[in-house]
Amino acid sequence: MKKRLTGQQEFEIMKLVLDKFLWLGFIVMGFGMYKMFVSSVSAGLLWIVVGAVLLILFMVLIVKEYEFVK
């Protein structure tokens, strides 16, 4: 028999997973900054945009998954 999670437990697990995805997005953006200083500005900007798109994608998934009720 499977146990069901409460909304609060599910939210806590989501926060643990979300933290890892946020780190991934910021690492990609940091790599973009590194590429800007080492090689070319255009290559670095491309990596920064990819990191920003990752963060926006994760934000959309969170808002879609959880409805924040006031």
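Our structure is the block above this text.
Residues numbered from 1 in each chain as written. Predicted model: local features only at pLDDT ≥ 70, side-chain atom pairs only at ≥ 80, totals over all residues. Heavy atoms only, no water.

## Observations concerning the overall build of the chain
- For the chain, the count of helices and strands is two helices and zero strands.
- Its C-alpha radius of gyration of 17 Å places the chain more than 25% over the 11 Å reference for a compact globule of 70 residues.
- In terms of overall dimensions, the chain has a C-alpha envelope of 55 × 25 × 20 Å along the principal axes.
- Here the chain holds 70 residues, and 17% of them are scored as buried.
- Of all intrachain contacts in the chain linking residues separated by at least 6 positions in sequence, the fraction that spans at least 24 positions is 43%.
- Put simply, the chain shows about 6,100 Å² of open surface, and 73% of that area lies on carbon and sulfur atoms.
- Of the charged side chains in the chain, 8 are positive and 5 negative; the average position of the first set lies 4 Å away from that of the second. (Helix = DSSP H or I, 4+ residues; strand = E, 2+ residues; numbered from the N terminus. Rg over C-alpha atoms; globule rule 2.2 N^0.38 Å. Buried < 20%, exposed > 50% of the residue type's maximum accessible area, 1.4 Å probe, protein only. Contact = heavy atoms within 4.5 Å. Areas by Shrake-Rupley, 256 points an atom, 1.4 Å probe, with all protein chains shown as cover. Lys, Arg positive; Asp, Glu negative; His and termini not counted. Charge placed at Lys NZ, Arg CZ, Asp CG, Glu CD.)

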